[in-house]
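Now for the letters of each chain:
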Amino acid sequence: MNYKLKEVVAEFTKGNYASDCLKYNADDLLEMFDEAEITVDEYGNTDGVTVNDCIAINSVTRDLVVTSECDDMFCYYSNEIDVPCSADLDYEFYYQSI
């Protein structure tokens with residue numbers, strides 16, 4: 001779980017449907033990271049758990065953060081930091097939706 005605070009673009013808290021900044025929701029997360037595995041370290045390693053595994057009906061089941069690193073987006077387990085949403089995710093989400 002080694003990501004940098006400056007790379008975080010959105011945070012999702014366990015039990016909520018929307019991101020902490022209320023700009024994104026679990027459906028957006030699924031659209032961006034459908035079947036992508038959760039990144040567990042700075043080397044891109046995963047533990048086999050997908051983003052889909054962390055989303056139940058109308059809520060996320062784990063604290064998650066979305067990062068933007070070198071033009072790539074990653075989803076990590078949260079280190080319990082509080083950050084606002086970023087325009088980087090808006091940009092990425094827009095182009096994923098086209």
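Everything below is about the structure printed above this text.
Residues numbered from 1 in each chain as written. Predicted model: local features only at pLDDT ≥ 70, side-chain atom pairs only at ≥ 80, totals over all residues. Heavy atoms only, no water.

Concerning the overall build of the protein chain
Just so we agree on the cut-off: Numbering of helices and strands starts at the N terminus; helices are DSSP runs of H or I of at least 4 residues and strands are runs of E of at least 2. Accessible area is worked out with a 1.4 Å probe on protein chains only. A residue is then buried under 20% of its type maximum, exposed over 50%, and partly exposed in between. What makes two residues a contact is simply this: any of their non-hydrogen atoms within 4.5 Å. Methods summary: accessible areas were calculated by the Shrake-Rupley approach with a probe of 1.4 Å, and residue burial reflects only the protein chains presented.
Each helix and strand in the protein chain was counted, giving two helices and seven strands. A total of 98 residues make up the protein chain; the buried ones form 40% of that total. For the protein chain, the proportion of contacts with a sequence separation of at least 24, taken over those separated by at least 6, is 60%. Accessible area of the protein chain: about 5,700 Å², with a carbon and sulfur share of 47%.

A look at the packing of aromatic side chains
Keep this limit in mind: Pairing of aromatic side chains requires ring centres within 6.5 Å, counting the rings of Phe and Tyr and the six-membered ring of Trp. Pairs whose planes differ by under 30 degrees are stacked, by over 60 edge-to-face, and all others tilted. For a ring to carry a charge above it, either NZ of a lysine or CZ of an arginine must fall within 6 Å of the ring centroid while also lying within 35 degrees of the normal to the ring plane.
Under the defined criterion, the tally for this structure stands at one aromatic pair. Plain terms: the ring middles of F74 and Y76 are 6.5 Å apart, the flat faces sit at 50° to each other, and that makes the pair tilted. Using a relative accessible area of 2% as the deciding quantity, one classes Y76 as buried. R62 extends its terminal NZ or CZ atom over the ring of Y77, reaching a point 4.0 Å from the ring centre.

Thoughts on the side chain of E7
Along the chain, the position of E7 falls in the segment before β1 (8-12). Every residue in contact with E7, bar those within four places of it in the chain, is listed here: V66, T67, S68 and E69.

A word on a negative patch on the surface
We count it as follows: Without a salt bridge and with relative accessible area above 30%, a residue can belong to a patch; like charges are then joined within 9 Å and nonpolar side chains (Val, Leu, Ile, Met, Phe, Trp, Tyr) within 5 Å. Think of a salt bridge as a Lys or Arg side-chain nitrogen and an Asp or Glu carboxyl oxygen that are within 4 Å of each other. His is not counted here, nor are the chain ends, while Lys and Arg score as positive and Asp and Glu score as negative. The atom standing in for a charge is NZ when the residue is Lys, CZ when it is Arg, CG when it is Asp and CD when it is Glu.
A cluster of acidic residues, D34, E35, E37, D47 and D53, forms a negative patch on the protein surface. Within the element layout of this structure, D34 appears in the loop between α1 (26-33) and β2 (37-39).

What to know about α1
Test applied: The directions considered for the arc run from the helix axis to the C-beta atoms.
For α1, the set of buried residues is A26, D28, L29, M32 and F33. Burial along α1 is one-sided: seen end-on, the buried residues are contained in an arc of 155°. Backbone geometry just downstream of α1 places E35 in the positive-phi region, at approximately 65°.

Coordinates in, geometry out; function isn't part of it.
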